Amino acid sequence: QHLEDRYEELLAGGATDEEAYHAALAELREGDSLAHELALVEAKAPSEPSTIGGRRASMIGGAWQDIRSSIRMLRKNPGFTVVAVLTLALGIGANTAIFSVINGVLLNPLPYKEPEKIMTVWQDNTTQAIQEDVSPANFLDYKELNQVFEGMAAAEPYGHDLLGAGDPEAISSWLVSEEFFRLLGVNALHGRTFLPEEFHEGSDHVVVLGYRLWQRRFGSDPNMIGQKIILDGEPHVVAGVMPPEFQMPPGKEMWAPRVSGEIDRRRRGATYLKVIARLKPGVTVEQARSEMKLIASGLADQYPQTNAEMSASVVPLSEQMVGHLRPALLVLFGAVGFVLLIACANVANLLLVRGAEREQEFAIRAALGAGRARLMRQLGTEGLVLALAGGAGGVLLAGWAVSVMSALNPGNFPRFEQVALDGRVLGFAVGVSMLTSLIFGLFPALQFSTPDLNRSLKESGRTGTAGLARHRLRSLLVVSEIAFALVLLAGAGLLIRSFVGLLRVDPGFRTDKVLSLEVHVWGKQRTPQQRKAFFEQSLEKISALPGVQAAGAVSALPFHENSIDVNISFTVEGRAAPVPGQEPSARMTISTLDYFKALGIPLLQGRSFNSFDNEGSTPVVLVNDKMARAYWPNEDPVGKKITVRYGQPTVREIIGVVGDVRHTGLDSEPQPELFIPHAQSPSGSMTYVVRTDGEPSLMLPVIKKQIWALDKDLPFNTSGPIEQLVSASLGEREFHLVLLASFAALALALAALGIYGLMSFSTSQRTHEIGIRMALGATPEDIVRMIVGQGAVLAAGGVALGIAGAALLMRFLESMLYGVSPTDPATLCAAALLLGAVTLLACYIPARRATRIGPLAALG
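In this report, we go over the structure that sits alongside the text.

So, how was this worked out
Residues numbered from 1 in each chain as written. Predicted model: local features only at pLDDT ≥ 70, side-chain atom pairs only at ≥ 80, totals over all residues. Heavy atoms only, no water. Helix = DSSP H or I, 4+ residues; strand = E, 2+ residues; numbered from the N terminus. Buried < 20%, exposed > 50% of the residue type's maximum accessible area, 1.4 Å probe, protein only. Contact = heavy atoms within 4.5 Å. Areas by Shrake-Rupley, 256 points an atom, 1.4 Å probe, with all protein chains shown as cover. Arc of directions from axis to C-beta. Pairing = 2+ DSSP bridges. Patch = residues over 30% accessible without salt bridge, like charges linked within 9 Å, V, L, I, M, F, W, Y side chains within 5 Å. Salt bridge = Lys/Arg side-chain N within 4 Å of Asp/Glu carboxyl O. Phe/Tyr/Trp six-rings, centres within 6.5 Å; stacked < 30°, edge-to-face > 60°. Lys NZ or Arg CZ within 6 Å of the ring centre and 35° of its normal. Polar contact = N/O pair within 3.5 Å; in protein donor to acceptor, adjacent residues only side chain to side chain. Core = buried A, V, L, I, M, F, W, Y, C linked by side-chain atoms within 4.5 Å.

Helix and strand content of the protein: 27 helices and 22 strands. Counting the 860 residues in the protein, one finds 50% classified as buried. In the protein, the share of contacts with a sequence separation of at least 24, taken over all contacts with a separation of at least 6, comes to 82%. As displayed, the protein offers around 39200 Å² of accessible surface, 58% of which is attributable to carbon and sulfur atoms.

A few words now on helix α24 (residues 767-775). Where α24 is concerned, the buried positions are Ile770, Gly771 and Met774. Down the axis of α24, the smallest arc covering the buried residues is 100°, so these residues share one side. Among the residues trailing α24, Gly777 stands out with phi positive, at a value near 115°.

Across the seven residues of strand β15 (residues 585-591), six count as buried, placing the element largely inside the fold. As paired elements, strand β14 (residues 567-572) and β15 share three bridges and run antiparallel to each other. Each bridged residue has a counterpart across the sheet, and for Ile568 the counterpart in β15 is Ala586. Pairing analysis gives five bridges linking β15 to strand β20 (residues 673-677), with the strands arranged parallel. Paired with Met588 across the two strands is Leu674, which belongs to β20.

Turning our eyes to something else, we now look at a nonpolar patch on the surface. On the surface, a cluster of nonpolar side chains totalling about 420 Å² of accessible area is made up of Leu397, Trp400, Val404, Leu408 and Val738. Among the secondary structure elements, Leu397 is positioned in helix α14 (residues 372-408).

Quick look at the pattern of salt bridges now. Tallying each qualifying case throughout the model produces 28 salt bridges. Glu635 serves as the salt-bridge partner of Lys640, at 3.6 Å between the closest nitrogen and oxygen. Salt bridges sharing partners connect three or more residues here, namely Asp141, Glu144, Arg265 and Arg268.

Moving on, we come to unusual backbone geometry. Positive phi, close to 40°, is recorded for Glu114, a residue that is not glycine. Here Glu114 lies in the loop between α5 (78-107) and β1 (118-125). One non-glycine residue with positive phi stands out, namely Phe559, at about 70°. Of note, Phe559 is situated in the loop between β13 (548-554) and β14. By relative accessible area, which is 10% here, Phe559 ends up buried.

Now for the packing of aromatic side chains. Counting across every chain of the model gives 22 aromatic pairs. Considering the side-chain rings of Phe570 and Tyr631, the 5.1 Å spacing of their centres and the 85° angle between planes classify their relative orientation as edge-to-face. Here Tyr631 lies in helix α20 (residues 625-631) and Phe570 lies in strand β14, a separation of 61 residues in the sequence. Linked through ring pairs, Tyr112, Phe180, Phe181, Phe194, Phe199, Phe246 and Trp255 together constitute an aromatic cluster. The ring centre of Tyr303 lies 3.7 Å from the NZ or CZ of Arg268, which sits over that ring.

A separate point is the side chain of His160. Mapped onto the elements, His160 comes out in strand β3 (residues 149-163). Here His160 falls in the buried class, since its relative accessible area comes to 4%. Separated by 2.7 Å, the side chains of His160 and Ser173 make a polar contact.

A few words now on the pairing of β13. Of all the seven residues making up β13, six are buried; the element is thus mostly covered by neighbouring parts of the structure. Inspection of the sheet shows β13 paired to strand β21 (residues 685-692) by six bridges, in the antiparallel sense. Directly across from Val554, in β21, lies its bridge partner Thr687.

This part is about the environment of Leu352. Looking at the element boundaries, Leu352 is found in helix α12 (residues 326-357). Note on Leu352: relative accessible area 0%, which makes it buried. Once the C-alpha coordinates of Leu352 and Phe440 are considered, the two residues, 88 residues apart in sequence, prove to be 9.7 Å apart.

Glancing now at the nonpolar core. Formed by 127 residues in total, the largest nonpolar core has its most connected members in Phe180, Phe246 and Trp255. Filtering out sequence-adjacent residues up to four positions away, Phe246 remains in contact with Tyr112, Phe180, Phe181, Leu184, Val186 and Trp255.

Here Asp133 is to be found in the loop between β2 (130-132) and α6 (136-145). With a relative accessible area of 18%, Asp133 lands in the buried category. A distance of 3.1 Å separates the side chain of Asp133 from the side chain of Lys274, its partner in a polar contact. Residues within four places of Asp133 in sequence aside, it is in contact with Trp122, Gln123, Thr271, Tyr272, Leu273 and Lys274.

Structure, rendered in structure tokens:
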């Protein structure tokens, strides 16, 4: 042990392997014989510690010695250390950053009492295979008939107009039923939630504020509790303020009591309630699902006109909120796992190269008495120190990456505010660091823990041919890097093709130079005639503005987050009456005259609405092309009549056919849709659509001024260019694409670095051979061809394995793709060609450098 300690000290001081070896022996022999010194050592150190404490002290001392030795060796080789640590930091940092997202979004429990017992309840339209909100009447029946829930509550989307203390503001809010907060198990941060008596007719108006609204509008004033604010022209008492983490349902800033009356018992066809429930103790999710389906089946028999094709489903709240993100996040986690494996392969190769240069050192250690276990422990400690340094750098990179992802966050990514480098994430980083040290440290430890003393202690051992097996191992690591990189490139390529394909999809309208402003004019007791007059007058003022080409309004704007799907049933005049409950249905939209012109929706047949289509004229309707082809496939629908069941059943004449529009996203398919003129059915919830000559955002203040001239207290819910709505619909896909493409680019760079390092080292080891070849007449082109050819063999093997792996793994991307197969041959070929080209370039550089060495220098 004394010999080895002194040997390491001399190495750290700059001595060569042999100089350190002979100096250590010489110092030991000074004054006394070697045998006398060894006897003294044996007398002072028993063969086995006599106590547990002694053994533990021996282990700790040995470990600390290994750590000090490892640090000295790494400091002695700063170039190697920096490259290895940076490579590991990139791999560990990427994994830590993505795990922080998974931890915040998927693993952290929801901020409610026993969140695993909170369920969401939905109506399932079995005909259209879609999940719908619950109607008020069905909600009351679900609540009364079930035996599996402690309670059930509903939330109805609403909007309050906040007046006073600044500009009028539209507040996105919810009307909630009595047990809403109790079932979630959440109390107010300040004040209280609602009392039972506040859910009855005639009770005082009260509201609970969201934390962000309380901060933004009221400056976090703690005295707001009990104060009155003006909502919809009436005073409301602030009962409480919710905690900042409470966002249920997401995206709302205020809650008010929902007073249920007898009219709810008759509302069975309109679906707009978000329903939550809490499981009773001992009840499973499957039991709840079975019972709710049974209840829905009974309601279908009892109310065939509205419930014939309706079932019910139960989904855990956490799954409903973030379940759709799980496949994409797991794909990203797998991607960064590949990046980490590539980084480990690179560092393993670096250590193998470094180990080849230290063969004489390992041989001398063995000659001084170090056994295989001792050498493996030393090499393992060096790997662990490298991994921990890489882990520390990785945490720093992860912190930066999380801030970048926050900037890239499309805004509708649920629970992203929970993403942070907390204790669990830091523990993950430490665990990954330990794991990587085992992965990349295993190969060098096995290779160099049993050195060939006879060969290694000779000068020629440094350049002999005994390293063929090690060269094969390094080649195998590079092949695996290429394969992993190809899988990531193929995945990124598929997402890019999918995204480009989506951008080419025609949404059915023109998005350029169009502005939207959402308003609600239900308040102030406006009659239908007053609502009609308000929009007609405001649109007339807006249309007269310089720079405005056309202005209209619509009840549900495509791609708008607040658009509510209203599906209504209808019957075709002159055809046999359908079975009750099986009437055809279509999406119903209310629009003004110039809406189609403003949004650029083409008129395909007949005519559009005009000023004569009002409350006193024949009821008319426009249908989209999808509906026309579905119900009048071989005839002209213009002039046909249908009975529309919206409010009172009304017979309406089809006056025209307009183009199809994709409402919920570029990847959604157009649905049968009919349009009713606003003058014949005035709605209070409308969105202005204004086409301008120039930049639409510049027109926003002028347009607002024209509307405020008719109602100075009218707030605007949302406003902005429609191009932003389309971009926002692609935000989640773009987020995943940017991340996966970044990881693929990083994998490509690391793989290129790996093969470059291998070929550089291999070429340097063959300098003598290259000199002989050139002396015998080989040209530089022959040398380049030979070395690049060897790299091409590695590239071919890696590409073959990568294509096989991509064919197996790309199916996990299927839910994230649009219009492209997970095994698309063109994408796989493009990824293989790109990776092959980069690999050959990485081989060409060291090959070209080798040809610049003259034969005499190579043979010297």
